[in-house]
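So the chains spell out like this:
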Amino acid sequence: MTLRTTLLALAGLAALAGGCADPIRPVDKLVDRVKPTDRRELAAQAFNLDDPDSRREAIVKLSSHDWGRQGTYLKAYALLTEDTDPLVRSAAVVALGRAGDPEHLPALVGALEDSDPRVRIDAAAALARVHGEAAVEPLRRHASQDANPDVRVRSVEALRHYPRRDVLDTLLAALVDPEFGVRHAARQSLGALTGEEAGYDPRRWSEALSAKDDPFAPPAPAETASRPWWDVLNLTAPEGS
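Residues numbered from 1 in each chain as written. Predicted model: local features only at pLDDT ≥ 70, side-chain atom pairs only at ≥ 80, totals over all residues. Heavy atoms only, no water.

What to know about the side chain of D83
Step number 1: Tracing the sequence through the fold places D83 in the loop between α5 (71–80) and α6 (86–99).
Step number 2: Residue classification places D83 among the buried residues on the basis of a relative accessible area of 3%.
Step number 3: In terms of polar contacts, D83 uses its side chain to reach the side chain of R55, at 2.9 Å. (Helix = DSSP H or I, 4+ residues; strand = E, 2+ residues; numbered from the N terminus. Buried < 20%, exposed > 50% of the residue type's maximum accessible area, 1.4 Å probe, protein only. Polar contact = N/O pair within 3.5 Å; in protein donor to acceptor, adjacent residues only side chain to side chain.)

Notes on the packing of aromatic side chains
Step number 1: Counted by the stated rule, this structure contains two aromatic pairs.
Step number 2: For the pair W67 and Y73, a centre-to-centre distance of 5.6 Å together with 55° between the ring planes defines the contact as tilted. Side by side, W67 and Y73 carry an identical accessibility label, which is buried.
Step number 3: Centre to centre, the rings of F180 and Y200 are 5.7 Å apart; their planes meet at 45°, and the pair counts as tilted. Residue F180 is located in helix α12 (residues 180–194), and its partner Y200 is located in the loop between α12 and α13 (202–210); the two are separated by 20 residues in the primary sequence.
Step number 4: A residue is classified by how much of its surface remains accessible, and F180, at 47% relative accessible area, is partly exposed.
Step number 5: Overall, Y200 belongs to the partly exposed group, its relative accessible area being 30%. (Phe/Tyr/Trp six-rings, centres within 6.5 Å; stacked < 30°, edge-to-face > 60°.)

Regarding the packing of helix α11 (residues 165–174) against α12
Step number 1: Axis separation between α11 and α12 bottoms out at 8 Å; the angle between their running directions is 145°. Read as a crossing pair, α11 and α12 show a hand that is left-handed. Along the contact surface, α11 presents V167, L168, L171, L172 and A174, while α12 presents V182, R183, A186, S189, L190, L193 and T194.
Step number 2: Among the residues forming the contact of α11 with α12, the class breakdown is nine nonpolar, two polar and one charged. (Axes fitted to C-alpha atoms, helices over the stretch in contact; angles between N-to-C directions. Left-handed = near helix turned anticlockwise from the far one by under 90°. Contact = heavy atoms within 4.5 Å. Nonpolar A, V, L, I, M, F, W, Y, C, P; charged D, E, K, R; others polar.)

Some points on the pattern of salt bridges
A side chain with one charge may pair with a side chain of the opposite charge, provided their charged atoms come close.
Step number 1: Under the defined criterion, the tally for this structure stands at 17 salt bridges.
Step number 2: R154 serves as the salt-bridge partner of E157, at 3.1 Å between the closest nitrogen and oxygen. Taken as a pair, E157 and R154 lie in helix α10 (residues 149–158) at a separation of three residues, close to a single helical turn.
Step number 3: Between K212 and E196 there is a salt bridge, with its nearest N and O atoms 3.2 Å apart. Of this pair, K212 sits in the segment after α13 while E196 sits in the loop between α12 and α13, placing them 16 residues apart in sequence.
Step number 4: Overall, K212 belongs to the buried group, its relative accessible area being 17%.
Step number 5: Linked through salt bridges whose partners overlap, the residues forming this network are E133, E137, R140, R164 and D166. (Salt bridge = Lys/Arg side-chain N within 4 Å of Asp/Glu carboxyl O.)

Points about the environment of E179
Step number 1: With respect to the element layout, E179 can be found in the loop between α11 and α12.
Step number 2: Looking at E179, the relative accessible area reads 38%, which means it is partly exposed.
Step number 3: With residues up to four places along the chain from it excluded, the contact list for E179 reads P149 and R152.

Remarks on the packing of helix α9 (residues 136–145) against α10
Step number 1: Interaxial distance between α9 and α10 falls to 7 Å at its minimum, and their mutual angle equals 140°. The angle between α9 and α10 falls in the class oblique. Our pair here, α9 against α10, has a crossing hand that is left-handed. Contacts from L139, H142, A143 and S144 in α9 reach V151, R152, S155, V156 and A158 in α10.
Step number 2: Looking at side-chain class alone, the contact of α9 with α10 contains five nonpolar, three polar and one charged residues. (Parallel < 35°, antiparallel > 145°, perpendicular 65-115°, else oblique.)

Quick notes on α9
Step number 1: Among all positions in α9, only V136, P138, L139, H142 and A143 are buried. For α9, the angular spread of the buried residues around the axis is 165°, confining them to a single face.
Step number 2: Where α9 is buried, its residues contact α7 (105–111), α8 (117–126), α10 and α11. (Arc of directions from axis to C-beta.)

Considerations on the environment of G68
Step number 1: Tracing the sequence through the fold places G68 in the loop between α4 (52–62) and α5.
Step number 2: By relative accessible area, which is 0% here, G68 ends up buried.
Step number 3: G68 sits 27 residues away from A95 along the chain, and the two C-alpha atoms are 8.9 Å apart.
Step number 4: Not counting chain neighbours up to four residues away, the residues in contact with G68 comprise L62, S63, Y73 and Y77.

This is how it looks when you write it as structure tokens:
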């Protein structure tokens, strides 16, 4: 789909968004102070054929409001992830991430394959908020193979939401990434998934996880010395202290 075809389609969405019954709640009137006419103007700005900066700015403004992270607006952002300008694509990806609607997961997964690293970084960051099994394999691949270290970092961070053994394998491999930021993100994601802490040594992590029947089960709570039921102020010292 060409940019002109896409934006013409979006213009129809803009008209729909501006003309549909979408009453503003009293709280919105106090917080946003955005009239329906202003919404239509921003939507039209988002589909400006001649000015990518105008499109980008409109996406940022629209997605800063609750109503701009719902329904027709999200469909527009999903289409704009294929805009010809990388900054517009990035803005659209960020907007979808802020909305957190899994219906638009395919657009974010697709953006993870963008030729521009800025778009891939934002797509991986958005996938830390929009989850789905379709994102796992692309995130694993970019966590280990993407040429941009920031994409690898964001991909590793997003993988913490998937308690799967193949994800553990990817995170363990990331502990030896040449970039410290990737190694640090891998350590944090492993900790979030397993509740364990084994530093940056993959062997220590493997030993810690192999000792558990379920690597994703939280560690057993440490035993504490029992005290008399009446000692509410914790005044009784344990034996041997």
